[in-house]
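Working through the structure, step by step
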Amino acid sequence: MSGLVDVALIGLGGYGATHRRALQALEKAGLARLAVAAEIDHVGQAEVINQLRQNGVQVYRDWQEMLDKGGFDVVGVAAPLHLHRIMVITALQRGYPVFCEKSAAVTVQDVAAMAKAADETGLLCAVGFQYLSSGMVRRIKQLVSEGVLGEIRRVIGVGLWKRTDAYYKRNQWAGKLRIGEDYALDGPMCNALAHMLNNCMYFASPVPGELLDPSEVRAEMYRAIPLPEMEDTATVLVRDKAGVEVMYLATYCNPVQKPHYYRIIGSRGEAVFEDGKLTVQVEGQSPTVEEYRGTGSTELMYRNFLAALDGKEELLSPIAQSLRLVRAQNGAYISSRRIHEIGAPHVRRYAEGETMATEILDLESHLEACVREGGLPSDVGAPWGRATSWASVSDLEYFAPVSVEKLSD
Ligand SMILES: NC(=O)c1ccc[n+]([C@@H]2O[C@H](COP(=O)([O-])OP(=O)(O)OC[C@H]3O[C@@H](n4cnc5c(N)ncnc54)[C@H](O)[C@@H]3O)[C@@H](O)[C@H]2O)c1
């Protein structure tokens, strides 16, 4: 595309603010600009909307009307997860390439329908997993695809996060299974820490640009915070046909927030990313340490999207790869069968400013045992652990639980 690419953005508040900042930077760089927007909340976003209108940006209330009127080149979607499917498919069918915020969607049938629409229209659909644009992720993928670590056997990701009750008041879909007929599955695995599972599956495949193709999943999904319907703690094993395994351990119930930890184990060596340092140890060589800061950015993902539109780069995160991710995510709920409650005496609830925080006692040491022994909490003797079975996801095409109690139906 020549000249400034005109972007129509759906969703201005929440993470939409990051899209707006990215588009401002791209306008300065002469690449793209926010030309048109759709935002349903004209009260909460009044200030932003006034400012945009002063700058000549037309702001609609109804995203479908915006698509009907047209007058732009591409569509950005920064609206809530459960609306992605309808917005993305409609935009593609109207002829617009789409940059959709992560996660693409949360059920296999929704992501498959979105990927099919991209295929049928021949238009690009990128998913905003911005970690894929970070130096750390690019470097680890390079080590894996160049075979520096040998054949990859296991990838481990640990995310020990802290989210208070206030987090669940941020919007109407926070912590929910679904809103009306649309699935939100809003927990760490499908939303805030979906990046980590996406990264782990990306590291586990030696093929550039590809995620591990999951064949079976075993998971134990837990809830200790009383507010959400979905999990606050996800412990998941994902395997491909060759037995390459991803271990994903994510929680919102740690007493302190810690950055993601990654360990990639190959037949010839391993790489560990912890606290900004990537340590690479290859057989017969001295270990090397490289420093990486930052988690990539939405601006870089837009730049990649624009370069892909011009045929200059491959998409870092095409919708087709999110189909692999969502099969693993849905398989985790199928395997766990339900979200298992963790209650007293294993949980501490405590005041944190105006809100409440939740700690699963000794969680970090149980998760360390998972990493050490290669099992899930029930395997390593966590007193609240609930054993589960492997679920096949090779041919998974549909996942539509009617309630959190019936996640496997
Ligand atoms: N990449 C990241 O690190 C990151 C971080 C946070 C959120 N996200 C993603 O961003 C997306 C939005 O999440 P959020 O927490 O900002 O959600 P949100 O509920 O705050 O919504 C974002 C904006 O969309 C607007 N909106 C809602 N429904 C709309 C509709 N029908 N038409 C037009 N606008 C509508 C809201 O009013 C709000 O201004 C999600 O996919 C989420 O997973 C990504």
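The paragraphs below set out a description of the structure included in this document. Worth saying up front: this structure is predicted, and the values here are computed from it rather than measured.

**Considering the overall build of the protein**
- Secondary structure summary: the protein contains 10 helices and 20 strands in total.
- For the protein, the C-alpha radius of gyration of 21 Å lies close to 22 Å, the compact-globule estimate for 409 residues.
- For the C-alpha atoms alone, the extent of the protein along its principal axes is close to 60 × 50 × 40 Å.
- Sequence separation of at least 24 residues holds for 72% of the intrachain contacts in the protein that already meet a minimum separation of 6.

**A closer look at the site of the ligand**
- As a matter of local geometry, the ligand sits amid 25 residues, with G11, G13, G14, Y15 and N171 nearest to it.
- Classifying every residue of the shell around the ligand gives 11 nonpolar, 10 polar and 4 charged.

**Thoughts on helix α1 (residues 16–28)**
- Given a rise of 1.5 Å per residue, 13 residues ought to cover 18 Å, and the 19 Å separating the end C-alpha atoms of α1 matches this to within 8%.
- The set of residues buried in α1 consists of G16, H19, R20, A22, L23 and L26. One face of α1 carries all of its buried residues, which in axial projection span an arc of 165 degrees.
- Residues of α1 that are buried in the fold lie against β1 (5–10), β2 (32–38), β4 (74–77) and α8 (298–309).
- Backbone geometry just downstream of α1 places G30 in the positive-phi region, at approximately 75 degrees.

**Some points on unusual backbone geometry**
- Going from K102 to S103, the amide bond is cis rather than trans, its omega being -15 degrees.
- The residue S103 is located in the loop between β5 (98–100) and α5 (108–121) in this model.
- In this chain, A344 is followed by P345 through a cis amide linkage whose omega measures 10 degrees.
- Residue position: P345 is located in the loop between β17 (340–341) and β18 (347–352).
- At L185, a residue that is not glycine, the phi angle is positive and equals roughly 40 degrees.
- Along the chain, the position of L185 falls in the loop between β9 (182–183) and α7 (194–203).
- By C-beta crowding, L185 is classed as buried, having 30 other C-beta atoms within 10 Å.

**Thoughts on the packing of helix α6 (residues 135–145) against α7**
- Contact geometry for α6 and α7: axes closest at 9 Å, N-to-C directions at 25 degrees. It follows that α6 is roughly parallel to α7 by the angle criterion. Residue-level contacts link V137, I140, K141 and V144 of α6 to N199, Y202 and F203 of α7.
- Split by residue class, the contact of α6 with α7 holds 5 nonpolar, 1 polar and 1 charged.

**Section: α8**
- Its 12 residues place the ends of α8 16 Å apart at the C-alpha level, agreeing with the 16 Å of an ideal helix rising 1.5 Å per residue.
- Within α8, burial applies to T298, E299, M301, Y302, R303, N304, F305, L306 and L309.
- In this structure, the buried side of α8 is in contact with β1, α1, β2, β5 and β6 (125–127).
- Residue G311 follows α8 closely and has a positive phi angle near 75 degrees.

**Overview of the environment of Q172**
- In this fold, Q172 is placed in the loop between β7 (152–160) and β8 (178–179).
- Expressed as a C-alpha distance, the spacing of Q172 and S365, which sit 193 residues apart in the sequence, is 34 Å.

**Some words on the pairing of strand β11 (residues 233–239)**
- In terms of burial, β11 is largely enclosed, as 7 of its 7 residues are buried.
- Alternating positions in β11 separate into two faces, T233, T235, L237 and R239 on one and A234, V236 and V238 on the other, with burial throughout.
- Bridging between β11 and strand β12 (residues 245–251) involves 7 bridges; their strand directions are antiparallel. Looking at β12, one finds that A234 is bridged to A250.

Cut-offs applied
- Residues numbered from 1 in each chain as written.
- Predicted model: local features only at pLDDT ≥ 70, side-chain atom pairs only at ≥ 80, totals over all residues.
- Helix = DSSP H or I, 4+ residues; strand = E, 2+ residues; numbered from the N terminus.
- Rg over C-alpha atoms; globule rule 2.2 N^0.38 Å.
- Contact = placed C-beta atoms within 7 Å.
- Near = placed C-beta within 6 Å.
- Nonpolar A, V, L, I, M, F, W, Y, C, P; charged D, E, K, R; others polar.
- Expected span 1.5 Å × (residues − 1).
- Buried ≥ 20, exposed ≤ 12 C-beta atoms within 10 Å, placed from the backbone.
- Arc of directions from axis to C-beta.
- Axes fitted to C-alpha atoms, helices over the stretch in contact; angles between N-to-C directions.
- Parallel < 35°, antiparallel > 145°, perpendicular 65-115°, else oblique.
- Pairing = 2+ DSSP bridges.

Treat this as a map of the structure, not an account of what it does.
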